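Commentary on secondary and tertiary structure
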Amino acid sequence: MIASCLCYLLLPATRLFRALSDAFFTCRKNVLLAKSSSSQVEGDFAMAPRGPEQEECEGLLQQWREEGSSQVLSTASEGPLVDKGLAQSSLALLMDNPGEENAASEDKWSSRQLSDLRAAENLDEPFPEMLGEEPLPEVEGPMWAAIPMQTDPQYADCAVLPVGALATEQWEEDPAVLAWSIAPEPVPQEEAPIWPFEGMGQLQPPPMEIPYHEILWREWEDFSTQPDAQGLKPGDGPQFQFTLMSYNILAQDLMQQSSELYLHCHPDILNWNYRFMNLMQEFQHWDPDILCLQEVQEDHYWEQLEPSLRMMGFTCFYKRRTGCKTDGCAVCYKPTRFRLLCASPVEYFRPGLELLNRDNVGLVLLLQPLVPEGLGQVSVAPLCVANTHILYNPRRGDVKLAQMAILLAEVDKVARLSDGSHCPIILCGDLNSVPDSPLYNFIRDGELQYHGMPAWKVSGQEDFSHQLYQRKLQAPLWPSSLGITDCCQYVSSCHPKRSERRKYGRDFLLRFRFCGIACQRPVGLVLMEGVTDTKPERPAGWAESVFEEDTSELEPASSRTVGTIQHCLHLTSVYTHFLPQRGRPEVTTMPLGLGMTVDYIFFSAESCENGNRTDHRLYRDGTLKLLGRLSLLSEEILWAANGLPNPFCSSDHLCLLASFGMEVTAP
């Protein structure tokens, strides 16, 4: 009876010993198989010259035979204990052994050794139920499952583990990541297995990478529930709501001309066909009502982009850059939401002006929102949309300011109403200037004192203060022949229209008979009796001063202020350019791995002071209201996604998306 009890108590210990032995030697064999230079594991392994690893393997096998073979064979009718956590931990322990790094290039097993190991693995009878324990699932045979390991120089190969439980698992990898292999392959996070052995530690597997689609997750920030300056919520009155996207989609020609900027990218994700499909999916996902694009290659626009966008319900306008450039800007809108009033292409190139000898362009559209019929007889003010791509050269801030002045003058002309005010305005694009730079502050604040400012400082892209020679801005910034005032308005728009041509008739000239200057004796006048010796007498009731016509029409509306430029469009930015939850600045592009913001959406809405801060969602009546925006990302997040472009974002810029509301008024 005592012997029977002892056997009964020793049986779990026997099972534990046998399981540890099986897992250890099985993992040991797998590591050696993984380090083999053969590209395929065959049934019979070829013999190789004996080395230190071969002797070590034979020694371990002999020790296993002497100490545990009798116990293993006595329980040959019982199935092996398959524990996933034990197998993975044993494998990680062996992989972490530094002695394995300099192993021989080829380690082969003899047929006899392999048959001995197979004899221990092919024990397929299950354990009997005992102590209320649930039997383990049956395994039909040893199955080999590849375990993806984290990429590391120390773990160059992928180990294989002969367990049946893992063979049935499906490793769901993102196809784009597997196809391009830009970064270490992410492995889906799974629940840690229950560790069945008390008092024994378990080695944790290496941390797994986060998938791209989780890294580049962008949240929608909703402002529609916040009150306006009058304390009214947007839902309190009828509104015309729409969304606008601004996106620099990276022209293929420009990418190939600057290929050194994209060495971190796999060539396949730079292919235009792949990028085009990604861009179209992005347009379909966000579904904006107005789409403003920069760096749109002309042949791609006419052959692919315009037909595809037309099928999506857009009407498109395109302006190619001047000269020999192959890209330009495009503005697309949905005719179901807007009706076109006018379209004005803007060219910044001016022949003969060294300041304006660049080929950048812009595009200004005046759109009339279409109100649903259910709202009755109501009206909405027109909407002016401007899209541009300003010169990149960080040393030529003077050119950037002149180009922006031309665009603002065109916007002022298109958006000006009959009463002299402006309709709501949205100005967006790639301005190649960072936040809080002089150019950015000029657009937001409406004024800039530029005289004596270094040209590189205008955009703030790079710091050239260490250079001895620095181009400085001089007043006036552009010649008067450009036809634009320092208030960024066309000269013709500064003069009121004359109702009729001035007429010099008899009655008009008679008004000067008794003016003050006419009644004064000229110096040196020859005295002639009866002619020049008398002074004309002014008739009673005749005004002493001459009738002077209002000459304000001949003067410009505002004289040029030396060294200062201004505009009166009252623009503010959709984005704050800072991520408070991360404590990092927002990023819209990453040239050479350096994140910065150069893309913007400005809209005409004066922000109201609220205590010590400015809330960009408090506005005056009749202006645009910001209802929401798509959040931007930080530099560290884009670094984790291998920068831009990547398999999910096919441009070197991020798209900007915002939702607006316009007041609907009765006629």
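Identification of the protein chain as Protein angel homolog 1 from Macaca mulatta is taken from an unreviewed UniProt entry. In UniProt, the protein chain has this text filed under Sequence similarities (unreviewed entry): "Belongs to the CCR4/nocturin family."

Sheet strands pair via backbone hydrogen bonds, and the direction of the pair is either parallel or antiparallel. Strand order in the open sheet formed by 7 strands is E3-E20-E21-E4-E5-E7-E6, and the pairing between neighbours is mixed. The open sheet has two edge strands, strand E3 (220-222) and strand E6 (315-320), and neither has a second partner. The sheet shows a mean angle of 20 degrees between the axes of neighbouring strands, taken without regard to direction. Pairing of E3 with strand E20 (residues 625-630), which is carried by 3 bridges, proceeds in the antiparallel orientation. In the strand pairing of E20, Glu-221 is matched with Arg-629. The strands touched by helix H9 (residues 272-286) are strand E4 (239-248), strand E5 (290-297), E20 and strand E21 (656-663); relative to E4, the strand with the most contacts, the crossing angle is about 165 degrees.

It is worth spelling out the environment of Glu-663 at this point. Among the structural elements, Glu-663 can be located in strand E21. Along the chain, Glu-663 and Gln-239 lie 424 residues apart, while their C-alpha atoms are 5.0 Å from each other. At 2.7 Å, the side chain of Glu-663 and the side chain of Lys-625 are in polar contact.

As a further point, take the nonpolar core. Here is a general trend for soluble globular proteins: nonpolar side chains tend to be buried in one another's company. Within the largest apolar cluster, 62 residues are counted, with the highest numbers of intra-cluster contacts made by Phe-242, Phe-283, Ile-290 and Phe-660. Counting residues in hydrophobic clusters, the runner-up holds 47 residues, among them Ile-406, Cys-423, Cys-488 and Tyr-490.

Tallied over the full model, the rule gives 16 salt bridges. As a salt-bridge pair, Glu-298 and Arg-320 come within 3.4 Å of each other at their nearest N and O atoms. Within this pair, whereas Glu-298 is found in helix H10 (residues 298-311), its partner Arg-320 is found in strand E6, the two being separated by 22 residues in sequence. Glu-298 sits in the partly exposed class, given a relative accessible area of 30%. On the basis of relative accessible area, Arg-320 is assigned to the partly exposed category, the value being 27%. With a shortest N-O distance of 2.8 Å, Arg-310 and Glu-306 are connected by a salt bridge.

The full count for this structure, using the stated rule, is 14 aromatic pairs. When the centroid spacing of 6.4 Å and the interplanar angle of 85 degrees are considered together, the rings of Tyr-247 and Phe-283 count as edge-to-face. With Tyr-247 in strand E4 and Phe-283 in helix H9, this pair connects stretches of sequence that are 36 residues apart. Both residues of the pair, Tyr-247 and Phe-283, count as buried. Connected via pairs of aromatic rings, a cluster forms that spans Phe-240, Phe-242, Phe-338, Phe-603 and Phe-660.

In contact at an axis separation of 11 Å, helix H11 (residues 397-415) and helix H12 (residues 438-445) are set at 20 degrees when each is read in the N-to-C sense. Regarding the angle of H11 to H12, the classification is roughly parallel. In the crossing of H11 with H12, the sense of the turn from one axis to the other is right-handed. Side by side, H11 and H12 meet where Lys-400, Leu-401, Met-404 and Leu-408 of the first sit next to Leu-439, Phe-442 and Ile-443 of the second.

Within the element layout of this structure, Asp-599 appears in strand E17 (residues 599-604). A C-alpha to C-alpha distance of 9.7 Å links Asp-599 and Pro-435, two positions 164 residues apart in sequence. Once you skip the residues sitting within four places of it in the chain, Asp-599 turns out to touch Asn-248, Gln-294, Gly-429, Asp-430, Thr-588, His-653 and Leu-656. Polar side-chain contacts of Asp-599 include one of 2.9 Å to the side chain of Thr-588. Within the structure, the side chain of Asp-599 is placed 2.8 Å from the side chain of His-653, a separation counted as a polar contact.

Rules of the game
- Residues numbered from 1 in each chain as written.
- Predicted model: local features only at pLDDT ≥ 70, side-chain atom pairs only at ≥ 80, totals over all residues.
- Heavy atoms only, no water.
- UniProt positions renumbered as here; feature names shortened; annotations may be inferred.
- Pairing = 2+ DSSP bridges.
- Helix = DSSP H or I, 4+ residues; strand = E, 2+ residues; numbered from the N terminus.
- Axes fitted to C-alpha atoms, helices over the stretch in contact; angles between N-to-C directions.
- Contact = heavy atoms within 4.5 Å.
- Polar contact = N/O pair within 3.5 Å; in protein donor to acceptor, adjacent residues only side chain to side chain.
- Core = buried A, V, L, I, M, F, W, Y, C linked by side-chain atoms within 4.5 Å.
- Buried < 20%, exposed > 50% of the residue type's maximum accessible area, 1.4 Å probe, protein only.
- Salt bridge = Lys/Arg side-chain N within 4 Å of Asp/Glu carboxyl O.
- Phe/Tyr/Trp six-rings, centres within 6.5 Å; stacked < 30°, edge-to-face > 60°.
- Parallel < 35°, antiparallel > 145°, perpendicular 65-115°, else oblique.
- Left-handed = near helix turned anticlockwise from the far one by under 90°.

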